[in-house]
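# Results of the structural survey
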There are 2 protein chains.
Amino acid sequence: MSEKPTTIKEIAQILKISTSTVSRALHDHPSIGKETRAKVKKLAKDLNYEPNQTAIFFQKGKTYTIGVILPELSEVFFSSAISAIEEAAYNRNYTVLLAQSHDNEIKEKQLVEKMKNHRVDGLLVSISKNTKSFEHFESLKKYNIPIVFFDRIPQIQNIHYVACNMETGTVEAVNYLLKKGHRTIGLINGPTTLLASKERKEGFIKAMSKNRLKFDPTLVVNCDLTEQGTVEAMEYLLKNKRKPTAIVTFNDYVALYAIKYARLKKLEIGKDVEFVSYANLPLIDYMDYKPVASVEQFPTLQAQKATDTLLDLISQRSDSQEIQAFYKVIIESQLVENTKNN
Amino acid sequence: MSEKPTTIKEIAQILKISTSTVSRALHDHPSIGKETRAKVKKLAKDLNYEPNQTAIFFQKGKTYTIGVILPELSEVFFSSAISAIEEAAYNRNYTVLLAQSHDNEIKEKQLVEKMKNHRVDGLLVSISKNTKSFEHFESLKKYNIPIVFFDRIPQIQNIHYVACNMETGTVEAVNYLLKKGHRTIGLINGPTTLLASKERKEGFIKAMSKNRLKFDPTLVVNCDLTEQGTVEAMEYLLKNKRKPTAIVTFNDYVALYAIKYARLKKLEIGKDVEFVSYANLPLIDYMDYKPVASVEQFPTLQAQKATDTLLDLISQRSDSQEIQAFYKVIIESQLVENTKNN
DNA sequence: TAAGTTTTCTCAAACGTTTGCGCAATCTTA
DNA sequence: TAAGATTGCGCAAACGTTTGAGAAAACTTA
């Protein structure tokens with residue numbers, strides 16, 4: 001039933017030559033004669049020879065595989081990312097070893113170990129929300145396995161990363177709303193622990209001050225990104241002395257919850273109150289009541305750049321031994337108006 | 001800078017014992033004395049020993065890795081699936097090698113080769129829409145690499161698969177609409193080439209005849225699943241002598257396009273015309289004008305069962321050599337009413 | 001204390017491939 | 001035709017681990 005795969009040894013035996021000759025012949029090594037090469041290749045084809053990668057990986061100490069650790073594959077942002085990563089890796093003849101941390105620090109550490117043991121050539125990581133310490137990544141450096149972080153990056157020094165700067169997009173968003181005549185703008189932000197929250201808030205403040213409006217801290221509220229949390233944030237904002245006529249929300253989910261709540265309170269979306277959000281969900285296009293605009297974060301672009309960076313690092317590593325600089329690729333977020341669909 | 005990882009050999013040398021003893025000690029082999037075992041384990045820990053998996057893979061001819069080939073990771077159905085697959089594999093200590101075919105038959109074949117060369121222990125596949133021949137899968141059987149197909153399964157014999165039967169759900173859907181008083185029900189189906197289209201149509205017909213209504217073929221229209229195609233299908237249906245008051249659509253995207261078109265034509269959704277669809281998009285919950293009900297296909301459940309089946313096959317293989325039966329796991333689709341969200 | 005048991009460990013092969021080095025055969029050139 | 005250059009190939013080690021078979025050491029028992 002289950003035939004054993006052909007090996008180089010067998011080919012050598014049949015042809016009565018050495019395995020090294022077979023190996024070299026198959027790799028078009030110059031020191032092998034034309035005829036032998038042809039004979040070897042022919043027989044290899046006939047016997048359906050397939051090089052045993054596990055042997056090669058072992059021999060070369062290289063697996064042509066990159067590890068990818070993402071928080072949640074079911075989140076649209078990350079599923080778009082993994083799609084792009086796979087694509088980019090495939091184009092450069094690399095394979096993807098995939099794992100998700102479910103935003104669990106302990107699991108993330110285990111996965112890093114596992115990836116190391118699998119001898120991946122490099123690692124692509126978007127860190128878990130709950131990861132506080134980063135030694136598990138440090139340990140990879142010792143083994144010379146490069147890591148590139150993307151989107152969710154740890155706040156430590158000397159790392160390679162690709163990330164999206166939320167400030168620009170936020171500034172654009174606020175400017176856009178101001179231009180539309182809004183003067184009282186609220187921000188439903190994420191948890192304070194997130195870098196992304198910080199960037200959004202800073203963009204918010206910057207836009208205000210640039211427009212000579214004073215920043216009103218009561219119009220900014222943090223939220224845990226759940227529906228309940230969003231409702232509470234909305235209640236807070238709508239009870240405010242200065243009731244916002246426009247609200248910037250941390251992401252599309254928050255926007256959806258907020259819009260739902262606003263409609264429940266009989267507010268007309270786009271008239272009584274208008275929303276701008278950060279793009280996570282492609283389906284926003286199909287919604288009837290949706291944010292007027294979204295700050296695009298380019299998940300696939302980020303993922304692509306991150307993969308390319310990682311693969312560059314991998315090939316550099318084998319070329320030279322010197323320590324290269326740290327790549328810091330910043331993609332600017334960008335406001336896009338959401339088109340009406342009816 | 002880059003230290004070489006510790007090996008079993010080094011441990012052996014330091015302790016002046018043989019590598020086999022070290023290996024066995026680390027594996028708690030009974031024939032190793034308590035003290036030696038303790039000594040070995042201590043030193044291993046101190047030296048930060050990590051077994052070189054590539055060597056083990058090579059040695060054992062097993063990689064504890066499963067290959068997964070999906071058509072499109074950016075499609076919600078498949079991203080939910082890969083999330084569940086990774087989860088299930090992780091729980092049984094397997095790792096996932098990921099690739100997407102982009103519905104391209106040639107690429108699919110290349111990927112199967114690549115997976116074979118990587119010596120995956122098994123393969124999980126949802127086939128490309130455009131795949132017509134299946135020898136590339138046959139070739140894996142020779143090497144005793146089990147394959148489990150899921151959701152999109154080839155129409156050939158002697159394979160393991162997990163799939164969702166669309167007929168039941170479709171019958172339920174039609175019954176549901178009939179019960180709501182509809183008598184003229186349309187079906188915007190997918191391309192005739194797809195098994196899924198066939199099942200939907202058969203369910204459609206079966207439900208009609210069970211309710212002693214004669215099946216009207218003019219109310220069924222095939223479509224290529226694009227927006228343009230959907231618009232054409234809608235035009236056709238709305239021009240029909242018997243104008244449907246309810247429409248079953250092939251998937252949520254088609255439903256969205258159809259609803260958009262219907263509203264453009266000033267039809268009131270839920271009154272003039274009602275929709276039932278097949279669930280792909282979690283976001284349907286957030287929509288204002290949406291199908292009243294969806295036929296749930298349980299992507300994560302399918303993926304989970306498929307992974308478990310594959311891993312069972314893999315462990316069986318090493319246990320016994322006999323050829324086992326072919327697993328055919330059918331999950332019944334199920335109608336779920338979509339709750340109102342305002 | 002010698003023989004038999006049991007415990008603990010070692011030897012060496014094997015997995016399939018790559019590659020540095022050396023050697024033989026062939027070809028070149030004066 | 002002898003010396004050197006070139007071409008074509010083989011030898012053997014190496015990568016790190018597992019494992020069957022056997023050897024040595026320790027412990028029993030009569």
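Residues numbered from 1 in each chain as written. Chains lettered and ligands numbered in written order. Predicted model: local features only at pLDDT ≥ 70, side-chain atom pairs only at ≥ 80, totals over all residues. Heavy atoms only, no water.

### Side note on the side chain of B:Asp103
Residues and elements named next belong to chain B. Looking at where aspartate 103 falls in the secondary structure, it is placed in the loop between β2 (95-100) and α6 (105-117). Since its relative accessible area comes to 12%, aspartate 103 is described here as buried. Apart from residues lying up to four places away in sequence, aspartate 103 is in contact with Pro71, Ser128, Lys129, Asn130 and Arg152. (Helix = DSSP H or I, 4+ residues; strand = E, 2+ residues; numbered from the N terminus. Buried < 20%, exposed > 50% of the residue type's maximum accessible area, 1.4 Å probe, protein only. Contact = heavy atoms within 4.5 Å.)

### Examining the sheet that holds strand β4 (residues 147-150) of chain B
Read from one edge to the other, the open sheet built from 12 strands follows the order β11(A)-β5(A)-β4(A)-β3(A)-β1(A)-β2(A)-β2(B)-β1(B)-β3(B)-β4(B)-β5(B)-β11(B), with strand pairing classed as mixed. The outermost strands of the open sheet, each flanked by one partner alone, are β11 (328-332) of chain A together with β11 (328-332) of chain B. Sheet twist, expressed as the mean angle between neighbouring strand axes with direction ignored, is 20°. Where strand β1 (residues 65-70) of chain B and β2(B) come together, six bridges link them in parallel fashion. Looking across to β2(B), one finds that B:Ile69 is bridged to B:Ala99. (Pairing = 2+ DSSP bridges. Axes fitted to C-alpha atoms, helices over the stretch in contact; angles between N-to-C directions.)

### Side note on the interface of chain B and chain A
Tallying the contact residues gives 58 residues for chain B and 58 residues for chain A. Here chain B and chain A share an interface that buries about 5,700 Å² over both sides, 57% of which is from carbon and sulfur atoms. Interface area lost by chain B to chain A is led by B:Tyr90, B:Arg119 and B:Tyr286, which between them contribute 11%. The tally of links between chain B and chain A comes to four salt bridges. For A:Lys107, the salt bridge identified is with B:Glu87, shortest N-O distance 3.9 Å. If you list the elements that add at least two residues to the side of chain B that touches chain A, you get α4 (53-60), α5 (76-91), β2, α6 and α11 (252-264) of chain B. Counting residues per element, the side of chain B that touches chain A draws most heavily on α6(B), which supplies seven residues. Judged from the three bridges that link them, strand β2 (residues 95-100) of chain A and β2(B) form a sheet pairing that is antiparallel. Each residue of the ladder has a partner; that of A:Leu98, found in β2(B), is B:Val96. (Buried area = accessible area lost by both parts, 1.4 Å probe. Salt bridge = Lys/Arg side-chain N within 4 Å of Asp/Glu carboxyl O.)

### Here we look at the domain arrangement of chain A
For chain A, the assigned domains read domain 1 (8-51), domain 2 (62-163 + 299-329) and domain 3 (165-296). Put simply, the middle of domain 1 of chain A and the middle of domain 2 of chain A, counted by C-alpha atoms, are 38 Å apart. (Domains from an automatic or database assignment.)

### A look at the sheet that holds strand β12 (residues 334-337) of chain A
Residues and elements named next belong to chain A. Pairing in this open sheet of six strands is mixed, and the strands run β7-β6-β8-β9-β10-β12 from one edge to the other. A single partner strand is all that each edge strand has here, and the edge strands are β7 (220-222) and β12. Within this sheet the neighbouring strands show an average axis-to-axis angle of 20°, counted without direction. Where strand β10 (residues 293-296) and β12 come together, four bridges link them in antiparallel fashion. Across the sheet, serine 294 pairs through a bridge with valine 336, a residue of β12. Against the sheet, helix α8 (residues 166-179) contacts β6 (185-189), β8 (246-249), β9 (274-278), β10 and β12, and its axis sits at roughly 40° relative to β12. Its contacts with the sheet place helix α11 (residues 252-264) against β6, β8, β9 and β10, and it is angled at close to 160° to β9.

### Quick word on helix α10 (residues 227-239) of chain B
Residues and elements named next belong to chain B. Along its 13 residues, α10 runs 18 Å from first to last C-alpha, staying within 8% of the 18 Å computed at 1.5 Å per residue. Among the residues making up α10, those that are buried are Gly229, Thr230, Val231, Ala233, Met234, Leu237 and Leu238. Buried-residue contacts for α10 involve β6 (185-189), β7 (220-222), β8 (246-249), α11 and β9 (274-278). (Expected span 1.5 Å × (residues − 1).)

### Side note on the protein's contact with DNA strand D
Surveying the vicinity of DNA strand D reveals 25 residues, the closest of which are A:Thr21, A:Arg24, A:Gly33, B:Arg24 and B:Tyr49. Across the atoms of DNA strand D situated within 4 Å of the protein, the share located in sugar and phosphate is 53%. Between DNA strand D and A:Thr36 there is a distance of 2.6 Å, counted from a phosphate oxygen to a side-chain nitrogen or oxygen. Within the side chain of B:Tyr49, a nitrogen or oxygen atom sits 2.5 Å from a phosphate oxygen of DNA strand D. Mapped by element, the contributors of at least two residues to the surface near DNA strand D are α2 (19-26) and α4 (53-60) of chain A together with α1 (8-15), α2 (19-26) and α4 of chain B. (Near = heavy atom within 4 Å. Polar contact = N/O pair within 3.5 Å; in protein donor to acceptor, adjacent residues only side chain to side chain.)

### Observations concerning the relation of the copies chain B and chain A
Both copies of the chain are placed relative to one another by a rotation about an axis and a shift along it. Superposition of chain B onto chain A requires a rotation of 180° combined with a translation of 0.1 Å along the rotation axis, giving an RMSD of 0.1 Å. Both copies are brought into coincidence by an operation consistent with a two-fold rotation axis. Proximity to the rotation axis, assessed at the C-alpha, singles out B:Leu97 in chain B; its C-alpha lies 2.4 Å from the axis. (Least-squares fit on C-alpha atoms with pLDDT ≥ 70 in both.)

### Re the nonpolar core
By size, the foremost hydrophobic cluster in this structure holds 94 residues, and its most contacted members are A:Ile66, A:Ile82, B:Ile66 and B:Ile82. If we ignore the near neighbours within four places in the chain, the residues touching A:Ile82 are A:Val68, A:Leu70, A:Leu73, A:Val96, A:Leu98, B:Leu73 and B:Leu98. Formed by 44 residues, the second largest nonpolar core is a distinct cluster that contains A:Ile69, A:Leu123, A:Phe134 and B:Ile153. (Core = buried A, V, L, I, M, F, W, Y, C linked by side-chain atoms within 4.5 Å.)

### As for the packing of α4(A) against α4(B)
Angle between the axes and distance between the axes: these two values describe a pair of packed helices. Following both chains from N to C, one finds α4(A) and α4(B) inclined at 145°, their axes separated by 8 Å at the closest point. Our pair here, α4(A) against α4(B), has a crossing hand that is left-handed. Within the contact between the two elements, α4(A) uses A:Thr54, A:Ala55 and A:Phe58 and α4(B) uses B:Thr54, B:Ala55, B:Phe57 and B:Phe58. In terms of residue class, the contact of α4(A) with α4(B) is made up of five nonpolar, two polar and no charged. (Left-handed = near helix turned anticlockwise from the far one by under 90°. Nonpolar A, V, L, I, M, F, W, Y, C, P; charged D, E, K, R; others polar.)

### Description of the protein's contact with DNA strand C
Surrounding DNA strand C, one finds 25 residues, the nearest of these being A:Arg24, A:Tyr49, B:Thr21, B:Gly33 and B:Thr36. Each atom of DNA strand C within 4 Å of the protein belongs either to a base or to sugar and phosphate, the latter forming 51%. A distance of 3.1 Å separates a sugar or linking oxygen of DNA strand C from a polar atom in the side chain of A:Gln59. Residue B:Thr36 places a side-chain N or O atom 2.5 Å away from a phosphate oxygen belonging to DNA strand C. Of all the secondary-structure elements, those providing two or more residues to the surface near DNA strand C are α1 (8-15), α2 and α4 of chain A together with α2 and α4 of chain B. Tallied by class, the residues present in the surface near DNA strand C amount to eight nonpolar, 13 polar and four charged.

### Here we look at the packing of aromatic side chains
Per the counting criterion, the structure on display carries nine aromatic pairs over all chains. When the ring of B:Tyr64 is compared with that of B:Tyr94, the centres are 5.7 Å apart and the planes differ by 55°; the resulting orientation is tilted. You can see B:Tyr64 sitting in the loop between α4 and β1 and its partner B:Tyr94 sitting in the loop between α5 and β2, a full 30 residues away along the chain. Classification of B:Tyr64 by relative accessible area gives partly exposed; the value is 30%. A ring pair is formed by B:Phe137 and B:Phe149, whose centres lie 5.0 Å apart and whose planes are at 85°; its orientation type is edge-to-face. You can see B:Phe137 sitting in helix α7 (residues 135-142) and its partner B:Phe149 sitting in strand β4, a full 12 residues away along the chain. Of the two residues, B:Phe137 and B:Phe149, neither departs from the other in class, the shared state being buried. Seen from the ring of B:Tyr90, A:Lys107 lies directly overhead, with NZ or CZ sitting 4.0 Å from the centre. (Phe/Tyr/Trp six-rings, centres within 6.5 Å; stacked < 30°, edge-to-face > 60°. Lys NZ or Arg CZ within 6 Å of the ring centre and 35° of its normal.)

### Quick word on the pattern of salt bridges
All names here are of chain A. Taken as a whole, this structure holds 31 salt bridges over all chains when the rule is applied. With its nearest N and O atoms 2.6 Å apart, the salt bridge here joins lysine 42 to aspartate 46. One end of the pair is lysine 42 and the other is aspartate 46, both in helix α3 (residues 34-46) and four residues apart, which spans about a single turn. The exposure classification of lysine 42 matches that of aspartate 46, with both residues exposed. Counted as one network, the salt bridges with shared partners bring together Asp28, Arg37 and Lys41.

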